[in-house]
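Residue-level structure breakdown
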Amino acid sequence: METTLRVLGDGLSIAALAIIAATAQGAWKRIPRGVSIPMLWGADGKPAWRAPKPLGLLAIPLIAIALLLSFTLTQATFTADPTRALIVFLVRTTLAASLGLSQLFHLRFVIKTLQDEGQL
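Sequence order as written defines residue numbering, which begins from 1 separately in each chain. Thresholds applied to this predicted model are a pLDDT of at least 70 for local features of residues and 80 or more for the giving and counting of side-chain atom pairs; totals over whole chains, interfaces and linings are not thresholded and use all residues. Only hydrogens and water are set aside; all other atoms, that is, all heavy atoms of the structure, feed into the side-chain values.

**Things to note about the nonpolar core**
Applied cut-off: The definition of a nonpolar core used throughout is a set of buried Ala, Val, Leu, Ile, Met, Phe, Trp, Tyr and Cys residues joined through side-chain atoms within 4.5 Å. Each residue is placed in one exposure class: buried if its accessible area under a 1.4 Å probe, protein chains only, is under 20% of its type's maximum, exposed if it is over 50%, and partly exposed if it falls in between. We count a stretch as a helix when DSSP gives it H or I for four or more residues in a row; a strand needs E for two or more, and each element gets its number in order from the N terminus. In this analysis, two residues are considered to be in contact whenever any of their non-hydrogen atoms come within 4.5 Å of each other.
Formed by A27, I31, V35, I37, L57, L107, V110, I111 and L114, the largest nonpolar core amounts to nine residues. For this core, the leading source of residues is helix 3 (residues 82–116), giving four residues. Ignoring any residue separated from it by four or fewer positions in sequence, one finds A27 in contact with L57 and L107.

**Structural notes on the layout of surface pockets**
Which entries qualify depends on this criterion: Cavity means a closed set of points on a 1 Å grid over the protein atoms alone, one where a 1.4 Å probe fits but cannot get out, pocket means an open set with protein on both sides within 12 Å along at least 5 of 7 lines, and lining means a residue has an atom within 4 Å of a point. Grid points are joined across faces, edges and corners, and a volume is the space filled by probe spheres set on the points. Three classes are used: nonpolar for Ala, Val, Leu, Ile, Met, Phe, Trp, Tyr, Cys and Pro, charged for Asp, Glu, Lys and Arg, and polar for all others, with Gly counted as polar.
Empty space within the largest pocket amounts to approximately 180 Å³. In terms of lining residues, the largest pocket is bounded by W41, D44, G45, K46, P47, F109, K112, T113, D116 and E117. Its residues placed into classes, the lining of the largest pocket shows three nonpolar, two polar and five charged.

**Brief notes about the pairing of strand 2 (residues 47–51)**
The criterion, for reference: If DSSP finds at least two bridges between two strands, the strands pair.
Examined bridge by bridge, strand 1 (residues 37–41) and strand 2 share four bridges and lie antiparallel to one another. Note on strand 2: the bridge partner recorded for I37 is A51. The hairpin formed by strand 1 and strand 2 contains five residues between the paired strands, and G45 there has a positive phi angle of roughly 85°.

Rendered as structure tokens:
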């Protein structure tokens, strides 16, 4: 059971990373060079903080890779107990889905903001 959960967790992590990478690549191609990427929006809906294009588009993918690979590398130590293996699997799947959704929502707001500003 532990091996099955580990393999399923790896597969879901790979799928989430593929979605995150594909959306980042699509946004990279669409956003012109030199455009600052909105990273944080204020209560008024205006960008409160911007980052250079590489940082703005690669922040979530790099965080996702680090987090999801850390589970892959350390999960072997948690699989002695089926309950722990199930908990780690559930945390991995929730984290993979959350990171994927955060990338999609972030890029949606980035594209909308840049279109409203006439930078796309």
